[in-house]
Amino acid sequence: MKRIAVLTGAGISAESGIKTFRASDGLWENYPIEKVATFDAWSQNPKMLLDFYNERRKQIYEAKPNPAHRSLVELEKKYIVKIITQNIDDLHERAGSNNVLHLHGEITKGRSTISSSKLYDLVGTEINLGDLCDDGSQMRPHIVWFGEPVPMMEKAIDIVQKSDYLIIIGTSLMVYPASGLIDYVSDNVKKFYIDPESKSNLNRNDIELISKKASSGVKSLVKRLME
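Residues numbered from 1 in each chain as written. Predicted model: local features only at pLDDT ≥ 70, side-chain atom pairs only at ≥ 80, totals over all residues. Heavy atoms only, no water.

A. Examining the pattern of salt bridges more closely. Across all of its chains, the model carries twelve salt bridges by this definition. Across the pair Lys-47 and Asp-51 runs a salt bridge, and its minimum N-O distance is 2.8 Å. Placement of both Lys-47 and Asp-51 in helix α4 (residues 46-62) is noted, with a separation of four residues, approximately one turn of the helix. Here Glu-126 and Lys-58 are joined by a salt bridge, their closest N and O atoms 3.5 Å apart. With Glu-126 in the loop between β5 (119-121) and β6 (139-143) and Lys-58 in helix α4, this residue pair connects regions lying 68 residues apart in the sequence. The exposure class assigned to Glu-126 is partly exposed, which follows from its relative accessible area of 38%. (Salt bridge = Lys/Arg side-chain N within 4 Å of Asp/Glu carboxyl O. Helix = DSSP H or I, 4+ residues; strand = E, 2+ residues; numbered from the N terminus. Buried < 20%, exposed > 50% of the residue type's maximum accessible area, 1.4 Å probe, protein only.)

What follows is the structure, encoded as structure tokens:
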């Protein structure tokens, strides 16, 4: 079976009602990145960050996978599909995808402030001050904040290096190091980029641009690949 690597960003979850980071009405409109997505912010005001991510978690639990998520599951009937997502939601898993790697962490998990390897599945929707890990540290969201290492990057590089196809969906390709994954893909690999603004985001002649929203773009591409 041939292998497909799929790189997804906020655009694939936008149609499920989850706000993207950079839209005019997006997630960061009232929260500067340095206030809610850095370890310094956590050190200065952990309660504000816990409240912020608790609200995000509730929103994600209420959201449902959309046709783009579900269409990717269809590819597993014919291909080995491995999804690398920049998203912290679990919509790929809930749609039924079996191989999902989260580059930037998972909102449905908490982790130790001391050790990034100590992970905890969240039973409820909240992490509160005083919720401690086994090592005695305050539990924090399992999110890779700006300036922190991306521990899943090596696995992601291995996935794209072994792929026969690359599908990029709903990402600006502006966030490093995820944006650099495309440079590890072999020249002979067929590449597709699905995004309404794709023509303005990427200037390469080795990628087929599909300037559609995720749901319609993924559905049409999956139909082609299944044929």
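B. Expanded view of the nonpolar core. In terms of nonpolar packing, the biggest core is built from 22 residues, with Ile-84, Leu-103, Val-160, Leu-166 and Leu-181 touching the most fellow members. If you list the elements that add at least two residues to this core, you get β1 (3-8), α7 (153-161) and β7 (165-169). Per element, the largest residue contribution to this core is five residues, and it comes from α7. Every residue in contact with Leu-166, bar those within four places of it in the chain, is listed here: Ala-5, Val-160, Ile-182, Val-185, Val-189, Lys-190, Lys-191 and Phe-192. (Core = buried A, V, L, I, M, F, W, Y, C linked by side-chain atoms within 4.5 Å. Contact = heavy atoms within 4.5 Å.)

C. Looking closely at the sheet that holds β6. What the three strands build is an open sheet, ordered β5-β4-β6; its pairing is antiparallel. Two strands in the sheet have a free side with no partner beyond their single neighbour: β5 and β6. Averaged over all adjacent pairs, the angle separating strand axes in this sheet is 45 degrees, with direction ignored. As paired strands, strand β4 (residues 105-112) and β6 are joined by five bridges and run antiparallel to one another. Paired with Gly-105 across the two strands is Ile-143, which belongs to β6. (Pairing = 2+ DSSP bridges. Axes fitted to C-alpha atoms, helices over the stretch in contact; angles between N-to-C directions.)

D. Just the sheet that holds strand β2 (residues 80-85), in detail. Taken together, six strands build an open sheet; the order of strands is β3-β2-β1-β7-β8-β9 and the sheet is parallel. The outermost strands of the open sheet, each flanked by one partner alone, are β3 (100-102) and β9 (207-210). Recorded for the sheet is a direction-independent mean angle of 20 degrees between the axes of neighbouring strands. With five bridges joining them, β1 and β7 adopt parallel strand pairing. If you follow Ile-4 over to β7, its bridge partner there is Tyr-165. Here α7 sits on the sheet in contact with β1, β2, β3 and β7, set at roughly 140 degrees to β2.

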